[in-house]
Amino acid sequence: MFDIVAIGEALIDFAPSGRNEMGNPLYCQNPGGAPANVLAMASILGSKTSFIGKVGDDSFGHFLKKAIENAGVDTKGLIVSRKQNTTLAFVSLSETGDRSFSFYRDRTADVMLEEKEIDESILKGTKIFHFGSVSMTAEPSLSATLYAVKKAKEYGSTISFDPNYRPLLWKCREEAKEIITKAVGMCDILKVSDEELLLITDTSDLRKGSEILKSMGPKIVIVTMGENGSYIRTDDYEKKYDAYKVPVVDTTGAGDAFVGAFLNSLLKLDILTGKTLSLQPSAWDDIMRFCNAAGSLTTTQKGAIPAMPGKEKIDSFIKPNIED
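These numbers were taken from a predicted model, which means no experiment stands behind them. (Residues numbered from 1 in each chain as written. Predicted model: local features only at pLDDT ≥ 70, side-chain atom pairs only at ≥ 80, totals over all residues. Heavy atoms only, no water.)

## Details of unusual backbone geometry
Worth spelling out the cut-off: Every helix listed is a DSSP run of H or I at least four residues long, and every strand listed is a run of E at least two residues long, numbered separately from the N terminus. Only protein chains enter the accessibility calculation, which uses a 1.4 Å probe. A residue is then buried if its area is under 20% of the maximum for its type, exposed if over 50%, and partly exposed in between.
Cis geometry marks the peptide bond from glutamate 139 to proline 140, where omega comes out at 5°. Position of proline 140 among the secondary structure elements: in the loop between β8 (128–132) and α3 (141–154). Here asparagine 164, not a glycine, exhibits a phi torsion of approximately 50°, which is positive. With respect to the helices, strands and loops of the structure, asparagine 164 is situated in the loop between β9 (158–162) and α4 (173–184). Here asparagine 164 falls in the buried class, since its relative accessible area comes to 12%.

## Concerning the nonpolar core
Operational definition: Residues belong to a common nonpolar core when they are buried Ala, Val, Leu, Ile, Met, Phe, Trp, Tyr or Cys residues joined through side-chain atoms within 4.5 Å. Contacts are assigned to residue pairs that have any heavy atoms within 4.5 Å of one another.
By size, the foremost hydrophobic cluster in this structure holds 55 residues, and its most contacted members are Ile220, Ile232, Phe262, Leu266 and Trp284. Per-element tally for this core: the top contributor is helix α8 (residues 281–298), with 9 residues. Look past the residues within four positions of isoleucine 220 in its chain and what remains in contact with it is Asp188, Ile189, Leu190, Ile232, Arg233, Thr234, Phe262, Leu266, Leu277 and Trp284. Core analysis: the second largest hydrophobic core is formed by 38 residues, Phe2, Phe131, Ile180 and Tyr231 among them.

## Comments concerning the pairing of strand β5 (residues 73–81)
Inclusion rule: Note on pairing: two strands pair once DSSP finds at least 2 bridges between them. Whether a crossover is right-handed depends on one test, that the path from the first strand over the helix to the second runs clockwise when the strands point away from the viewer.
Bridging between strand β4 (residues 49–56) and β5 involves 7 bridges; their strand directions are parallel. The residue of β5 that forms the bridge with valine 55 is valine 80. Chirality of the crossover, the property in question, places the unit of β4, helix α2 (residues 59–70) and β5 among those that are right-handed.

## Focus on α3
For clarity, the threshold we go by: Every helix has an expected span of 1.5 Å times one less than the residues it contains.
Relative to the 20 Å expected for 14 residues at 1.5 Å per residue, α3 spans 20 Å between its end C-alpha atoms, a close match to the ideal helical length. Glycine 156 occupies a position one or two residues after α3 and carries a positive phi of about 90°.

## So, the side chain of serine 135
Note that serine 135 resides in the loop between β8 and α3. Residues in contact with serine 135, not counting those within four places in the same chain, are Gly8, Glu9, Arg105, Ser141, Leu142 and Thr145.

## Focus on the packing of aromatic side chains
Rule in force here: Classification of ring pairs rests on two measures: the distance between centres of Phe, Tyr or Trp rings, Trp counted by its six-membered ring, which must be within 6.5 Å, and the angle between planes, read as stacked under 30 degrees, edge-to-face over 60 and tilted in between. Here, over-ring charges are defined by two tests on the NZ atom of lysine or the CZ atom of arginine: distance to the ring centre within 6 Å, and angle to the ring normal within 35 degrees.
By the definition in use, this model includes 7 aromatic pairs. Among the aromatic side chains, those forming a connected cluster through ring pairs are Phe14, Tyr27, Phe60, Phe90 and Tyr104. Lying over the aromatic face of phenylalanine 2, lysine 48 brings its terminal NZ or CZ to 5.3 Å of the ring centre.

## Description of the sheet that holds strand β12 (residues 230–233)
Worth spelling out the cut-off: Interaxial angles span 0 to 180 degrees and are taken between N-to-C directions of axes, which are lines fitted to C-alpha atoms, for helices over the stretch in contact.
With mixed pairing, 9 strands are arranged side by side in an open sheet as β5-β4-β1-β8-β9-β10-β11-β12-β13. Unpaired on one side and paired on the other, β5 and β13 (238–241) mark the two borders of the sheet. Strand-to-strand, the axes of this sheet are offset by a mean angle of 15°, without reference to chain direction. Across the sheet, helix α7 (residues 254–269) lies against β1 (4–7), β8, β9, β10 (189–193), β11 (220–224) and β12, angled at about 160° from β10, the strand it touches most.

## Side note on the environment of glutamate 196
Among the secondary structure elements, glutamate 196 is positioned in helix α5 (residues 194–201). What makes glutamate 196 buried here is its relative accessible area of 4%. Excluding anything up to four places from it in sequence, glutamate 196 contacts Asp162, Pro163, Asn164, Tyr165 and Lys191.

Right, dumping it as structure tokens:
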């Protein structure tokens, strides 16, 4: 029995790492993929986690499997395929550390995960099932993802969804909005970026947009806004939280670290069996500050999983910031 199971992409993030003597860019190979990143952060913080996905039987796939396992994530549900190659993503960073992606993902392993390859025994008894929209951009992984969500719900899991919208992976914005909106209606916990808030609701207003999202079914709606902080809405609570100021190196994985920390925090409080997922304001304050710190600290180093902080580092970072 697992605390959190996630389905989706595990891929290689090639991040900029200086230039060679001829002035050409160098890239560092990092483990990536949002669902795997979320599990890594939750595992680092003490959750028992398991990943469902597919990688190639190549050097990249074996590197990913080892990296995920080293983060403490179970890989029983990770298929290693001899038919497809591992997905690759090249990350470009702006002067402020914001990233953009170039994907090499035409019928690669993560896209080709099939419904029949999902080990249902992993889903039985899991407390939280997490997914994103990257695995919903093409078949057969779209059907496999929806099947896993359906089975997890049948087994009584709390469903968590983070769209992790990547425009380049969709045929068009309209298709993305339609499929992501459908997924919003399937989840209990929803985390969106400010960009995704606008995509789904056609408004960037936090209160209005989160109200629209909440009406679609989720019990908790969170909006992350990078340096502008985060916002949470539940049945009986809403509040915006300021971001922590840190020297940003690479924002890759920051939102995933936030989600992993958030899910782990809910598990520790043991409120997932409730109908409203309600807490006192002071408890939400503690959770949101902790998650903001987890995301912020992840941006101070390159890569996603390699940059994720442990609880001691997060706690020691939060204390002086609260006192200030």
